[in-house]
Amino acid sequence: MEQFEVGIDGSSIVAVATAPGTGGIAVVRVSGKDAIKIVDSAWKGASLEKADSHTVHLGKYVSTAGDVLDECVATVFRAPNSFTGENIVELGLHGSRWIQREVVADLIRRGARGADRGEFTRRAFMNGRLDLAQAEGVADLIAASSKAAHALAMSQTRGAFSRGLEEVREKLVEFAALLELELDFSEEDVEFADRSRLKELAKGLLARLDRLAASYSSGAALKEGVPVVIAGIPNAGKSSLLNLLLGDDKAIVSDIPGTTRDTIEDTAEIDGVLFRFIDTAGLRATTDTVENLGIDRARAKMRRARIVIWIFDPTAEEAPQEEEYGRFASENPDVEVIRVVGKGDKIPAPPLSKGMLMSMKSGEGLDTLRQRLTASATGGYDPQWEFIVTNARHYEALLRSGEALRRALEGLESNLSADFIAQDVREATHHIGTITGAVTTDTLLHHIFQNFCIGK
Ligand SMILES: Nc1nc2c(ncn2[C@@H]2O[C@H](COP(=O)(O)OP(=O)(O)OP(=O)(O)O)[C@@H](O)[C@H]2O)c(=O)[nH]1
Ligand SMILES: [Mg+2]
(Lines give C-alpha, C1' and ligand atoms only; values in the text may rest on other atoms or scores of the structure.)
(Ligands and ions follow the chains in the order given, each with its own letter.)
Protein backbone atom coordinates (compact mmCIF):
# COMPACT_ATOMS: atom_id res chain seq x y z
CA MET A 1 0.00 0.00 0.00
CA GLU A 2 1.29 3.41 -0.86
CA GLN A 3 2.09 5.53 2.14
CA PHE A 4 0.85 9.07 1.89
CA GLU A 5 3.55 11.30 3.25
CA VAL A 6 2.63 14.79 4.18
CA GLY A 7 4.98 17.63 3.30
CA ILE A 8 6.93 15.59 0.80
CA ASP A 9 4.18 14.90 -1.71
CA GLY A 10 4.40 18.37 -3.24
CA SER A 11 0.72 19.18 -2.74
CA SER A 12 -0.38 22.63 -1.65
CA ILE A 13 -2.87 22.83 1.18
CA VAL A 14 -5.46 25.45 2.06
CA ALA A 15 -7.55 26.27 5.14
CA VAL A 16 -9.05 29.13 7.06
CA ALA A 17 -6.52 29.91 9.80
CA THR A 18 -8.71 32.20 11.91
CA ALA A 19 -11.47 31.06 14.26
CA PRO A 20 -14.61 29.69 12.60
CA GLY A 21 -17.38 32.21 12.11
CA THR A 22 -17.68 35.83 11.13
CA GLY A 23 -14.96 38.26 12.14
CA GLY A 24 -13.58 41.63 11.12
CA ILE A 25 -11.07 39.80 8.99
CA ALA A 26 -10.39 36.15 8.22
CA VAL A 27 -7.08 34.66 7.16
CA VAL A 28 -6.91 31.91 4.54
CA ARG A 29 -3.56 30.19 4.44
CA VAL A 30 -2.10 28.31 1.48
CA SER A 31 1.13 26.32 1.86
CA GLY A 32 3.11 24.22 -0.60
CA LYS A 33 5.45 24.33 -3.54
CA ASP A 34 2.78 25.90 -5.79
CA ALA A 35 1.07 28.05 -3.15
CA ILE A 36 2.18 31.37 -4.66
CA LYS A 37 1.41 30.29 -8.22
CA ILE A 38 -2.07 29.06 -7.27
CA VAL A 39 -3.06 32.27 -5.49
CA ASP A 40 -1.48 34.40 -8.18
CA SER A 41 -3.75 32.79 -10.78
CA ALA A 42 -6.70 34.38 -8.95
CA TRP A 43 -4.94 37.63 -8.14
CA LYS A 44 -5.63 40.96 -9.77
CA GLY A 45 -2.86 43.30 -8.69
CA ALA A 46 0.95 43.26 -8.68
CA SER A 47 2.27 39.79 -9.49
CA LEU A 48 2.67 37.61 -6.40
CA GLU A 49 4.96 35.26 -8.27
CA LYS A 50 7.44 38.11 -8.64
CA ALA A 51 7.01 39.32 -5.07
CA ASP A 52 9.78 39.08 -2.50
CA SER A 53 9.40 37.00 0.64
CA HIS A 54 7.72 38.68 3.62
CA THR A 55 5.89 41.30 1.57
CA VAL A 56 2.24 42.38 1.70
CA HIS A 57 0.15 43.24 -1.35
CA LEU A 58 -3.26 44.77 -1.90
CA GLY A 59 -5.34 43.35 -4.71
CA LYS A 60 -8.55 41.62 -5.79
CA TYR A 61 -9.35 37.96 -5.54
CA VAL A 62 -11.14 36.91 -8.73
CA SER A 63 -12.82 33.50 -8.87
CA THR A 64 -12.52 31.02 -11.75
CA ALA A 65 -16.01 32.20 -12.74
CA GLY A 66 -14.66 35.75 -13.07
CA ASP A 67 -16.33 37.23 -9.96
CA VAL A 68 -14.43 39.52 -7.63
CA LEU A 69 -14.81 37.68 -4.32
CA ASP A 70 -12.99 40.26 -2.22
CA GLU A 71 -10.59 43.15 -2.19
CA CYS A 72 -7.95 41.93 0.21
CA VAL A 73 -4.29 41.65 1.15
CA ALA A 74 -1.90 38.81 0.36
CA THR A 75 1.24 38.18 2.41
CA VAL A 76 3.92 36.17 0.64
CA PHE A 77 6.45 33.97 2.46
CA ARG A 78 9.00 32.08 0.42
CA ALA A 79 10.49 28.70 1.33
CA PRO A 80 12.33 27.97 3.51
CA ASN A 81 11.64 31.11 5.59
CA SER A 82 8.05 30.44 6.52
CA PHE A 83 6.15 28.69 9.30
CA THR A 84 5.93 25.41 7.34
CA GLY A 85 9.23 25.83 5.54
CA GLU A 86 7.30 25.88 2.23
CA ASN A 87 5.96 28.72 0.09
CA ILE A 88 3.03 30.31 1.89
CA VAL A 89 0.45 32.93 0.96
CA GLU A 90 -1.82 34.29 3.65
CA LEU A 91 -4.89 36.08 2.38
CA GLY A 92 -6.35 38.67 4.75
CA LEU A 93 -9.98 38.72 3.71
CA HIS A 94 -13.09 40.48 4.94
CA GLY A 95 -14.46 38.11 7.57
CA SER A 96 -17.77 37.03 6.07
CA ARG A 97 -18.43 33.32 6.12
CA TRP A 98 -19.45 33.48 2.49
CA ILE A 99 -16.12 35.00 1.38
CA GLN A 100 -14.16 32.46 3.43
CA ARG A 101 -16.07 29.54 1.98
CA GLU A 102 -15.92 30.78 -1.62
CA VAL A 103 -12.21 31.60 -1.53
CA VAL A 104 -11.29 28.22 -0.07
CA ALA A 105 -13.49 26.41 -2.61
CA ASP A 106 -11.98 28.46 -5.43
CA LEU A 107 -8.42 27.69 -4.31
CA ILE A 108 -9.29 24.01 -4.28
CA ARG A 109 -10.57 24.31 -7.85
CA ARG A 110 -7.24 25.90 -8.71
CA GLY A 111 -5.30 22.90 -7.43
CA ALA A 112 -4.89 23.28 -3.67
CA ARG A 113 -6.12 20.55 -1.31
CA GLY A 114 -8.14 21.13 1.88
CA ALA A 115 -5.73 20.80 4.82
CA ASP A 116 -6.05 18.09 7.46
CA ARG A 117 -6.04 18.86 11.15
CA GLY A 118 -2.69 20.27 12.22
CA GLU A 119 -1.27 19.77 8.74
CA PHE A 120 0.47 23.15 8.61
CA THR A 121 2.25 22.41 11.88
CA ARG A 122 2.92 18.84 10.79
CA ARG A 123 4.62 20.15 7.67
CA ALA A 124 6.64 22.54 9.80
CA PHE A 125 7.79 19.51 11.79
CA MET A 126 8.51 17.38 8.69
CA ASN A 127 10.56 20.22 7.21
CA GLY A 128 12.58 20.61 10.39
CA ARG A 129 11.15 24.02 11.33
CA LEU A 130 9.95 22.75 14.71
CA ASP A 131 10.52 19.66 16.78
CA LEU A 132 7.55 17.76 18.17
CA ALA A 133 7.60 19.35 21.61
CA GLN A 134 7.69 22.77 19.97
CA ALA A 135 4.79 21.83 17.70
CA GLU A 136 2.77 20.76 20.71
CA GLY A 137 3.78 24.05 22.32
CA VAL A 138 2.11 25.84 19.40
CA ALA A 139 -1.17 24.01 20.16
CA ASP A 140 -0.84 24.92 23.84
CA LEU A 141 -0.04 28.52 22.99
CA ILE A 142 -3.23 28.79 20.96
CA ALA A 143 -5.22 27.22 23.81
CA ALA A 144 -3.53 29.11 26.67
CA SER A 145 -6.08 30.87 28.85
CA SER A 146 -3.86 32.26 31.60
CA LYS A 147 -0.54 34.04 31.89
CA ALA A 148 1.18 30.99 33.40
CA ALA A 149 -0.14 28.64 30.70
CA HIS A 150 0.98 31.15 28.10
CA ALA A 151 4.48 31.39 29.60
CA LEU A 152 4.83 27.60 29.67
CA ALA A 153 3.66 27.20 26.08
CA MET A 154 5.86 30.07 24.93
CA SER A 155 9.03 28.56 26.35
CA GLN A 156 8.11 25.18 24.89
CA THR A 157 7.56 26.74 21.46
CA ARG A 158 10.88 28.53 21.65
CA GLY A 159 12.59 25.22 22.29
CA ALA A 160 13.88 25.72 25.84
CA PHE A 161 12.17 22.53 26.94
CA SER A 162 13.57 20.61 23.96
CA ARG A 163 17.07 21.88 24.64
CA GLY A 164 16.83 20.67 28.24
CA LEU A 165 15.78 17.24 27.00
CA GLU A 166 18.46 17.17 24.33
CA GLU A 167 21.01 17.64 27.10
CA VAL A 168 19.59 14.60 28.91
CA ARG A 169 19.65 12.62 25.68
CA GLU A 170 23.28 13.50 25.02
CA LYS A 171 24.21 12.39 28.53
CA LEU A 172 22.43 9.08 27.92
CA VAL A 173 24.30 8.60 24.65
CA GLU A 174 27.55 9.34 26.46
CA PHE A 175 26.57 6.80 29.07
CA ALA A 176 25.96 4.14 26.41
CA ALA A 177 29.32 4.97 24.84
CA LEU A 178 31.11 4.44 28.16
CA LEU A 179 29.41 1.07 28.50
CA GLU A 180 30.54 0.11 25.03
CA LEU A 181 34.07 1.04 25.91
CA GLU A 182 33.85 -1.42 28.75
CA LEU A 183 32.56 -4.05 26.31
CA ASP A 184 35.44 -3.50 23.91
CA PHE A 185 37.96 -4.11 26.60
CA SER A 186 36.22 -6.95 28.38
CA GLU A 187 37.91 -9.62 26.27
CA GLU A 188 41.24 -8.49 27.61
CA ASP A 189 39.83 -8.70 31.10
CA VAL A 190 40.40 -5.05 31.74
CA GLU A 191 37.92 -3.31 34.01
CA PHE A 192 38.19 -0.23 31.87
CA ALA A 193 35.23 1.97 32.61
CA ASP A 194 35.04 2.62 36.29
CA ARG A 195 31.62 1.36 37.32
CA SER A 196 31.29 3.67 40.29
CA ARG A 197 31.58 6.56 37.87
CA LEU A 198 28.88 5.03 35.67
CA LYS A 199 26.63 4.64 38.70
CA GLU A 200 27.07 8.30 39.59
CA LEU A 201 26.19 9.28 36.05
CA ALA A 202 23.07 7.09 36.06
CA LYS A 203 21.94 8.39 39.44
CA GLY A 204 22.33 12.00 38.35
CA LEU A 205 20.34 11.40 35.18
CA LEU A 206 17.66 9.47 37.01
CA ALA A 207 17.23 12.28 39.53
CA ARG A 208 16.78 14.68 36.64
CA LEU A 209 14.20 12.47 34.90
CA ASP A 210 12.31 11.99 38.16
CA ARG A 211 12.30 15.72 38.83
CA LEU A 212 10.91 16.41 35.36
CA ALA A 213 8.22 13.74 35.72
CA ALA A 214 7.30 15.07 39.15
CA SER A 215 6.79 18.56 37.71
CA TYR A 216 3.90 17.22 35.63
CA SER A 217 1.28 17.55 38.36
CA SER A 218 2.12 21.24 38.66
CA GLY A 219 2.54 21.65 34.93
CA ALA A 220 -0.77 20.06 34.01
CA ALA A 221 -2.54 22.01 36.72
CA LEU A 222 -1.02 25.29 35.57
CA LYS A 223 -2.16 24.59 32.05
CA GLU A 224 -5.68 23.44 32.81
CA GLY A 225 -6.39 25.24 36.08
CA VAL A 226 -5.17 24.19 39.52
CA PRO A 227 -8.00 22.26 41.22
CA VAL A 228 -8.78 23.78 44.62
CA VAL A 229 -11.57 22.24 46.71
CA ILE A 230 -13.30 24.22 49.45
CA ALA A 231 -14.30 21.89 52.31
CA GLY A 232 -15.70 22.04 55.82
CA ILE A 233 -18.84 21.38 57.84
CA PRO A 234 -22.22 22.82 56.76
CA ASN A 235 -22.56 26.56 57.25
CA ALA A 236 -18.80 27.08 57.62
CA GLY A 237 -18.91 29.64 54.81
CA LYS A 238 -17.67 27.53 51.86
CA SER A 239 -20.07 28.94 49.30
CA SER A 240 -19.43 32.44 50.63
CA LEU A 241 -15.70 31.91 50.01
CA LEU A 242 -16.30 30.54 46.49
CA ASN A 243 -18.29 33.65 45.63
CA LEU A 244 -15.58 35.85 47.13
CA LEU A 245 -12.81 34.15 45.13
CA LEU A 246 -14.81 34.34 41.91
CA GLY A 247 -16.06 37.85 42.54
CA ASP A 248 -19.46 36.57 41.53
CA ASP A 249 -22.66 35.26 43.13
CA LYS A 250 -22.16 31.78 41.74
CA ALA A 251 -23.36 29.63 44.65
CA ILE A 252 -26.40 29.97 46.91
CA VAL A 253 -25.51 31.15 50.41
CA SER A 254 -27.96 30.67 53.28
CA ASP A 255 -27.92 30.12 57.01
CA ILE A 256 -29.61 26.74 56.56
CA PRO A 257 -26.96 24.04 57.06
CA GLY A 258 -26.77 21.72 54.05
CA THR A 259 -27.53 24.38 51.43
CA THR A 260 -24.96 23.16 48.89
CA ARG A 261 -25.42 19.59 47.75
CA ASP A 262 -23.84 19.28 44.34
CA THR A 263 -20.30 20.41 43.68
CA ILE A 264 -20.09 23.85 42.08
CA GLU A 265 -17.04 24.75 40.00
CA ASP A 266 -15.66 27.76 38.21
CA THR A 267 -12.29 29.12 37.19
CA ALA A 268 -10.55 32.35 38.19
CA GLU A 269 -7.09 33.71 37.45
CA ILE A 270 -4.96 34.95 40.33
CA ASP A 271 -1.61 36.61 39.54
CA GLY A 272 -1.46 34.88 36.20
CA VAL A 273 -2.30 31.41 37.49
CA LEU A 274 -5.57 29.76 36.53
CA PHE A 275 -7.43 28.06 39.39
CA ARG A 276 -10.48 25.84 39.29
CA PHE A 277 -12.39 26.41 42.53
CA ILE A 278 -14.79 23.70 43.65
CA ASP A 279 -17.41 24.36 46.32
CA THR A 280 -18.74 21.24 48.01
CA ALA A 281 -21.48 19.95 50.29
CA GLY A 282 -20.75 20.41 54.02
CA LEU A 283 -19.30 17.32 55.68
CA ARG A 284 -21.52 15.84 58.37
CA ALA A 285 -23.29 12.62 59.31
CA THR A 286 -26.80 12.73 57.93
CA THR A 287 -29.60 10.34 56.97
CA ASP A 288 -30.66 12.52 54.03
CA THR A 289 -30.00 10.41 50.91
CA VAL A 290 -29.41 13.29 48.52
CA GLU A 291 -27.16 15.13 50.96
CA ASN A 292 -25.13 11.96 51.43
CA LEU A 293 -24.64 11.65 47.67
CA GLY A 294 -23.38 15.23 47.70
CA ILE A 295 -20.97 14.45 50.54
CA ASP A 296 -19.61 11.45 48.60
CA ARG A 297 -18.98 13.77 45.67
CA ALA A 298 -17.27 16.25 47.95
CA ARG A 299 -14.93 13.59 49.30
CA ALA A 300 -14.09 12.34 45.81
CA LYS A 301 -13.21 15.87 44.70
CA MET A 302 -11.14 16.46 47.82
CA ARG A 303 -9.03 13.37 47.19
CA ARG A 304 -8.22 14.51 43.66
CA ALA A 305 -7.54 18.15 44.53
CA ARG A 306 -4.12 19.78 44.46
CA ILE A 307 -5.13 22.06 47.29
CA VAL A 308 -7.99 21.87 49.79
CA ILE A 309 -9.08 25.01 51.60
CA TRP A 310 -10.52 23.68 54.85
CA ILE A 311 -12.82 26.17 56.54
CA PHE A 312 -13.31 25.76 60.27
CA ASP A 313 -16.41 27.30 61.76
CA PRO A 314 -15.39 28.89 65.07
CA THR A 315 -19.03 29.23 66.13
CA ALA A 316 -19.56 25.45 65.93
CA GLU A 317 -18.14 22.63 68.03
CA GLU A 318 -14.41 22.21 67.44
CA ALA A 319 -13.73 18.51 68.14
CA PRO A 320 -15.77 16.93 65.30
CA GLN A 321 -14.25 19.37 62.80
CA GLU A 322 -10.69 18.54 63.87
CA GLU A 323 -11.53 14.86 63.77
CA GLU A 324 -12.87 15.08 60.23
CA TYR A 325 -9.85 17.13 59.16
CA GLY A 326 -7.37 14.76 60.82
CA ARG A 327 -8.86 11.77 59.06
CA PHE A 328 -8.64 13.42 55.65
CA ALA A 329 -5.10 14.71 56.18
CA SER A 330 -3.76 11.34 57.26
CA GLU A 331 -5.43 9.51 54.37
CA ASN A 332 -4.35 12.06 51.76
CA PRO A 333 -0.85 13.19 52.63
CA ASP A 334 -0.24 14.44 49.07
CA VAL A 335 -3.05 16.97 49.09
CA GLU A 336 -1.99 20.31 50.46
CA VAL A 337 -4.50 21.65 52.97
CA ILE A 338 -4.82 25.34 53.79
CA ARG A 339 -6.56 25.73 57.14
CA VAL A 340 -8.85 28.72 57.35
CA VAL A 341 -10.84 29.84 60.36
CA GLY A 342 -13.93 31.61 59.03
CA LYS A 343 -16.35 34.16 60.42
CA GLY A 344 -13.44 36.28 61.65
CA ASP A 345 -15.77 39.22 62.15
CA LYS A 346 -17.60 37.27 64.83
CA ILE A 347 -14.70 35.98 66.91
CA PRO A 348 -11.28 37.15 68.11
CA ALA A 349 -8.21 35.88 66.24
CA PRO A 350 -7.54 32.20 66.97
CA PRO A 351 -4.06 30.89 67.81
CA LEU A 352 -2.00 30.57 64.60
CA SER A 353 -1.99 26.79 64.75
CA LYS A 354 -5.73 26.71 64.06
CA GLY A 355 -5.32 28.38 60.67
CA MET A 356 -5.50 31.75 59.02
CA LEU A 357 -8.36 33.98 60.03
CA MET A 358 -10.80 35.12 57.38
CA SER A 359 -14.13 36.83 57.15
CA MET A 360 -16.20 36.10 54.10
CA LYS A 361 -18.38 39.00 55.15
CA SER A 362 -15.70 41.71 55.20
CA GLY A 363 -13.19 40.03 52.87
CA GLU A 364 -10.54 40.09 55.60
CA GLY A 365 -7.75 37.60 54.88
CA LEU A 366 -8.66 37.22 51.20
CA ASP A 367 -5.40 38.73 49.92
CA THR A 368 -3.33 36.48 52.16
CA LEU A 369 -5.25 33.44 50.95
CA ARG A 370 -4.77 34.42 47.31
CA GLN A 371 -1.03 34.79 47.87
CA ARG A 372 -0.85 31.40 49.52
CA LEU A 373 -2.72 29.84 46.61
CA THR A 374 -0.38 31.19 43.93
CA ALA A 375 2.68 30.33 46.01
CA SER A 376 1.46 26.74 46.40
CA ALA A 377 0.54 26.37 42.75
CA THR A 378 3.91 27.51 41.43
CA GLY A 379 6.01 26.72 44.48
CA GLY A 380 9.27 24.83 44.38
CA TYR A 381 9.82 25.01 40.64
CA ASP A 382 12.13 26.97 38.44
CA PRO A 383 10.56 30.34 37.77
CA GLN A 384 11.80 29.99 34.20
CA TRP A 385 9.09 27.36 33.63
CA GLU A 386 11.06 25.50 31.02
CA PHE A 387 11.62 22.48 33.19
CA ILE A 388 7.98 21.94 33.89
CA VAL A 389 6.23 19.16 32.01
CA THR A 390 2.71 20.09 30.91
CA ASN A 391 1.91 17.36 28.42
CA ALA A 392 0.65 13.85 29.27
CA ARG A 393 2.56 12.32 26.38
CA HIS A 394 5.83 13.82 27.59
CA TYR A 395 5.08 12.69 31.12
CA GLU A 396 4.57 9.12 29.99
CA ALA A 397 7.79 9.13 27.97
CA LEU A 398 9.71 10.48 30.97
CA LEU A 399 8.28 7.78 33.22
CA ARG A 400 9.25 5.05 30.77
CA SER A 401 12.69 6.48 30.25
CA GLY A 402 13.14 6.64 34.03
CA GLU A 403 12.05 3.00 34.39
CA ALA A 404 14.58 1.84 31.81
CA LEU A 405 17.35 3.86 33.40
CA ARG A 406 16.45 2.51 36.83
CA ARG A 407 16.88 -1.01 35.42
CA ALA A 408 20.27 0.02 34.05
CA LEU A 409 21.30 1.31 37.46
CA GLU A 410 20.17 -1.93 39.10
CA GLY A 411 22.17 -3.82 36.49
CA LEU A 412 25.27 -1.83 37.37
CA GLU A 413 24.73 -2.49 41.04
CA SER A 414 24.32 -6.23 40.59
CA ASN A 415 27.30 -6.32 38.21
CA LEU A 416 25.40 -7.40 35.10
CA SER A 417 27.38 -7.47 31.89
CA ALA A 418 27.60 -4.23 29.96
CA ASP A 419 25.59 -5.35 26.93
CA PHE A 420 22.47 -5.96 29.06
CA ILE A 421 22.82 -2.59 30.67
CA ALA A 422 23.44 -0.86 27.36
CA GLN A 423 20.13 -2.22 26.11
CA ASP A 424 18.27 -0.48 28.95
CA VAL A 425 20.18 2.74 28.37
CA ARG A 426 19.25 2.64 24.70
CA GLU A 427 15.61 2.20 25.67
CA ALA A 428 15.82 5.18 28.03
CA THR A 429 17.32 7.23 25.19
CA HIS A 430 14.59 6.12 22.81
CA HIS A 431 11.79 7.35 25.08
CA ILE A 432 13.38 10.77 25.49
CA GLY A 433 13.70 10.90 21.72
CA THR A 434 9.96 10.43 21.25
CA ILE A 435 9.31 13.70 23.09
CA THR A 436 11.16 15.95 20.68
CA GLY A 437 10.54 13.74 17.66
CA ALA A 438 14.12 12.50 17.25
CA VAL A 439 12.26 9.17 17.13
CA THR A 440 8.78 9.11 15.57
CA THR A 441 6.27 6.77 14.07
CA ASP A 442 3.32 7.54 11.85
CA THR A 443 0.88 6.53 14.59
CA LEU A 444 2.53 8.90 17.03
CA LEU A 445 2.38 11.79 14.57
CA HIS A 446 -1.22 11.05 13.74
CA HIS A 447 -2.10 10.93 17.42
CA ILE A 448 -0.50 14.30 18.09
CA PHE A 449 -1.77 16.24 15.11
CA GLN A 450 -5.34 14.97 15.20
CA ASN A 451 -5.76 17.09 18.34
CA PHE A 452 -5.00 20.23 16.39
CA CYS A 453 -7.66 22.20 14.53
CA ILE A 454 -7.87 22.50 10.78
CA GLY A 455 -5.92 25.58 9.76
CA LYS A 456 -3.25 25.18 12.47
N1 LIG B 1 -20.68 37.02 59.83
C2 LIG B 1 -20.27 36.13 58.96
N3 LIG B 1 -21.14 35.27 58.41
C4 LIG B 1 -20.69 34.35 57.50
C5 LIG B 1 -19.34 34.29 57.13
N6 LIG B 1 -19.20 33.29 56.26
C7 LIG B 1 -20.41 32.75 56.05
N8 LIG B 1 -21.32 33.40 56.82
C9 LIG B 1 -22.76 33.08 56.91
O10 LIG B 1 -22.90 31.73 57.27
C11 LIG B 1 -23.99 31.15 56.57
C12 LIG B 1 -23.56 29.94 55.78
O13 LIG B 1 -22.74 30.38 54.71
P14 LIG B 1 -22.50 29.50 53.41
O15 LIG B 1 -21.46 30.17 52.61
O16 LIG B 1 -23.79 29.19 52.78
O17 LIG B 1 -21.92 28.22 54.11
P18 LIG B 1 -21.58 26.79 53.44
O19 LIG B 1 -20.34 26.31 54.09
O20 LIG B 1 -21.57 26.90 51.97
O21 LIG B 1 -22.78 25.92 53.94
P22 LIG B 1 -23.43 24.60 53.27
O23 LIG B 1 -23.62 24.86 51.82
O24 LIG B 1 -24.69 24.44 53.99
O25 LIG B 1 -22.48 23.48 53.53
C26 LIG B 1 -24.60 32.26 55.73
O27 LIG B 1 -25.65 32.83 56.43
C28 LIG B 1 -23.45 33.23 55.58
O29 LIG B 1 -23.91 34.55 55.38
C30 LIG B 1 -18.43 35.23 57.73
O31 LIG B 1 -17.23 35.23 57.49
N32 LIG B 1 -18.95 36.12 58.61
MG1 LIG C 1 -22.63 25.99 50.53
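Residues numbered from 1 in each chain as written. Chains lettered and ligands numbered in written order. Predicted model: local features only at pLDDT ≥ 70, side-chain atom pairs only at ≥ 80, totals over all residues. Heavy atoms only, no water.

## As for the overall build of the chain
A tally of helices and strands in the chain yields 15 helices and 13 strands. Taking 456 residues into account, the globule formula puts the C-alpha radius of gyration at 23 Å, and the chain, at 29 Å, lies well above it. Dimensions along the principal axes, computed over C-alpha positions, put the chain at roughly 80 × 80 × 35 Å. Considering the chain as a whole, with its 456 residues, one finds that 49% of them fall into the buried category. Long-range pairs, those at least 24 residues apart, make up 66% of the contacts in the chain between residues at least 6 apart in sequence. (Helix = DSSP H or I, 4+ residues; strand = E, 2+ residues; numbered from the N terminus. Rg over C-alpha atoms; globule rule 2.2 N^0.38 Å. Buried < 20%, exposed > 50% of the residue type's maximum accessible area, 1.4 Å probe, protein only. Contact = heavy atoms within 4.5 Å.)

## Comments concerning the coordination of the magnesium ion (ligand 2)
When four donors bind a metal tetrahedrally, each ideal donor-metal-donor angle is 109.5 degrees, and when six bind octahedrally, the ideal angles are 90 or 180 degrees. In the first shell of the magnesium ion (ligand 2), the protein supplies Ser239 (OG) and Thr260 (OG1), at 2.0 to 2.1 Å from the metal. In this pair, serine 239 sits in helix α9 (residues 238-246) while threonine 260 sits in the loop between α9 and β9 (264-270), placing the two residues 21 residues apart along the sequence. A residue is classified by how much of its surface remains accessible, and threonine 260, at 11% relative accessible area, is buried. (Donors = N, O, S within 2.8 Å, 3.2 Å for Na, K, Ca; no water.)

## Section: the domain arrangement of the chain
Much of the literature gives interface size as the accessible area that the parts lose upon coming together. Along its sequence, the chain is carved into domain 1 (13-129), domain 2 (143-215 + 388-437) and domain 3 (221-378). Relative to domain 3, the C-alpha centre of domain 2 lies at a distance of 41 Å. In this assembly, nine residues from domain 2 lie in contact with six residues from domain 3. The junction of domain 2 with domain 3 conceals about 600 Å² of combined surface from both sides, 60% of it contributed by carbon and sulfur atoms. Linking domain 2 to domain 3 there are zero salt bridges. If you look at where domain 2 meets domain 3, you find three residue pairs in polar contact (both at pLDDT 80 or more). Partitioning the side of domain 2 that touches domain 3 into residue classes produces four nonpolar, four polar and one charged. (Domains from an automatic or database assignment. Buried area = accessible area lost by both parts, 1.4 Å probe. Salt bridge = Lys/Arg side-chain N within 4 Å of Asp/Glu carboxyl O. Polar contact = N/O pair within 3.5 Å; in protein donor to acceptor, adjacent residues only side chain to side chain. Nonpolar A, V, L, I, M, F, W, Y, C, P; charged D, E, K, R; others polar.)

## A look at the nonpolar core
In this structure, Leu172, Phe175, Leu179, Leu398, Leu405 and Val425 are the most contacted members of the largest nonpolar core, which totals 33 residues. The set of elements that each furnish at least two residues to this core consists of α6 (160-186), α7 (195-214), α8 (216-224), α13 (392-413) and α14 (418-436). The leading source of residues in this core is α6, at eight residues. In contact with leucine 179, other than residues within four places in its own chain, are Leu198, Ala418, Ile421, Ala422 and Val425. Val226, Ile270, Val273 and Leu369 belong to the second-largest nonpolar core, a separate cluster that totals 32 residues. (Core = buried A, V, L, I, M, F, W, Y, C linked by side-chain atoms within 4.5 Å.)

## Details of the packing of aromatic side chains
Applying the stated criterion across every chain yields a total of six aromatic pairs. A centroid spacing of 5.4 Å and a plane angle of 90° characterise the contact between tryptophan 310 and tyrosine 325, whose relative ring orientation is edge-to-face. Note that tryptophan 310 is positioned in strand β11 (residues 307-312) and tyrosine 325 in helix α11 (residues 318-331), a separation of 15 residues in sequence. For the pair tryptophan 310 and tyrosine 325, one class covers both residues: buried. Between tryptophan 310 and phenylalanine 328, the aromatic rings sit 5.7 Å apart at their centres with planes inclined by 50°, giving tilted as the arrangement. Within this pair, whereas tryptophan 310 is found in strand β11, its partner phenylalanine 328 is found in helix α11, the two being separated by 18 residues in sequence. Judged by its relative accessible area of 2%, tryptophan 310 falls in the buried class. Ring-pair connections join several aromatic residues into one group, and the members of that group are Trp310, Phe312, Tyr325 and Phe328. (Phe/Tyr/Trp six-rings, centres within 6.5 Å; stacked < 30°, edge-to-face > 60°.)

## A short note on a nonpolar patch on the surface
Side chains of Val56, Leu58 and Val73 sit close together on the surface and give an oily, nonpolar patch of about 270 Å² of accessible area. Tracing the backbone through its elements, the reader meets valine 56 in strand β4 (residues 55-62). Since its relative accessible area comes to 56%, valine 56 is described here as exposed. (Patch = residues over 30% accessible without salt bridge, like charges linked within 9 Å, V, L, I, M, F, W, Y side chains within 5 Å. Areas by Shrake-Rupley, 256 points an atom, 1.4 Å probe, with all protein chains shown as cover.)

## As for the sheet that holds strand β2 (residues 25-31)
Taken together, seven strands build an open sheet; the order of strands is β3-β4-β5-β6-β2-β1-β7 and the sheet is mixed. At either end of the open sheet lies a strand with only one pairing partner, and these are β3 (43-44) and β7 (113-114). Alignment of strand β1 (residues 13-16) against β7, held across two bridges, turns out to be parallel. What sits directly across from valine 14, in β7, is glycine 114. Along the sheet, helix α2 (residues 97-109) contacts β1, β2, β4, β5 (68-77), β6 (88-94) and β7; its crossing angle with β5, the most-contacted strand, is approximately 65°. (Pairing = 2+ DSSP bridges. Axes fitted to C-alpha atoms, helices over the stretch in contact; angles between N-to-C directions.)

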